[in-house]
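# A structural walkthrough
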Amino acid sequence: MIRDITIGQYYPADSVIHKLDPRVKLVGTMVFLVSLFLFQSFSGYIVATVFLGCVIKLSKVPLKFMLKGLKAVFILLLFSVVFNLFLTDGETLIPLVGKLRITKEGLRLAVFMAIRLVYLIVGTSIMTLTTTPNDLTDGLEKGLRPLKKIRVPVHEIAMMMSIALRFIPILLEETDKIMKAQMARGADFESGNFIQRAKNMIPILVPLFISAFRRANDLAMAMEARCYHGGEGRTKMKPLVYKTRDKMAYGTFVVYLLVVIGVNMVGRV
């Protein structure tokens, strides 16, 4: 389960998506995520499926690898579907015990919510799987540059987000090592009730927190040793410059938005 989390990992490949400017991928991800909450019909989600499928195909990242990340949020997905399915008022489709029933509106909302959560995770994973942490930091910093006029610490925010994202796979790997070490010493994380399992996690959490603080301290010392002082006056080894493929990608986003608006207008008629 720990190794199935894909958010924060980078999958090296020679694809068009990997070569895009990180600002393009950030904007494209935001456009796609916002569009998921605009769709109110199945035709809209068909458009989103086609768009997402094309992006996955172009990224050359195996679909199986992306879907691994869904295992970590399966419980959240299950709870969301169950609550929407059984607790939404409307036209009764299947009467159950007492007042419990499955309604037409509840079934529709549960399906939409499941699709949204799956596409949210897969869409976000594409950005992190095809963008290195350094490129992601540069893209965030340059994309948020207008906020500098109101004294927002753009570079520091981008650096913190990038480091936090980079630490996810590192801490997951560390957690996996600690679990295996504790299991080799006879620790049992599977048996017992919920409270007992929570207590059994203490031998994992304590060394994990110690390791995380140690890594953070080492990183801070390394940055200080290199006289790191933020983004003011610093130059880039690889400056971000828009190329033809980036402009074509922006054009694709515009077309996608127009299709989204058109589908929503048709769905309301």
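Before reading on, note that the structure itself is shown above.
Residues numbered from 1 in each chain as written. Predicted model: local features only at pLDDT ≥ 70, side-chain atom pairs only at ≥ 80, totals over all residues. Heavy atoms only, no water.

### Brief notes about the overall build of the protein
Note the threshold: By definition, any uninterrupted DSSP run of H or I lasting at least four residues is a helix, any uninterrupted run of E lasting at least two residues is a strand, and each is numbered from the N terminus. A simple rule labels every residue: compare its accessible area, found with a 1.4 Å probe on the protein chains alone, to the largest value its type can have, and call it buried under 20%, exposed over 50%, or partly exposed in between.
Within the protein one finds 11 helices and two strands. In the protein, the order of α-helices and β-strands from amino to carboxyl end is α-α-α-α-α-β-β-α-α-α-α-α-α. Each of the 269 residues in the protein was classed as buried or not, and the buried ones make up 35%.

### Digging into the packing of aromatic side chains
Threshold: When the centres of two rings from Phe, Tyr and Trp lie within 6.5 Å, Trp using its six-membered ring, the rings pair. Their planes under 30 degrees apart give stacked, over 60 give edge-to-face, and anything left gives tilted. Either the NZ atom of lysine or the CZ atom of arginine qualifies as a charge over a ring when it sits within 6 Å of the ring centre and within 35 degrees of the ring normal.
Across all of its chains, the model carries nine aromatic pairs by this definition. With 4.9 Å between their ring centres and 40° between their planes, Y45 and F112 make a pair best called tilted. Highlighted residues: Y45 in helix α3 (residues 42-59) and F112 in helix α6 (residues 104-129), separated in sequence by 67 residues. Accessibility expressed as a relative area gives 3% for F112, which makes it buried. Three or more aromatic residues joined by ring pairs form one cluster here, namely F32, F51, Y119 and Y256. Against the face of Y242 rests R23, its NZ or CZ located 4.0 Å from the ring centre.

Taken by themselves, the reported measurements are silent on function.
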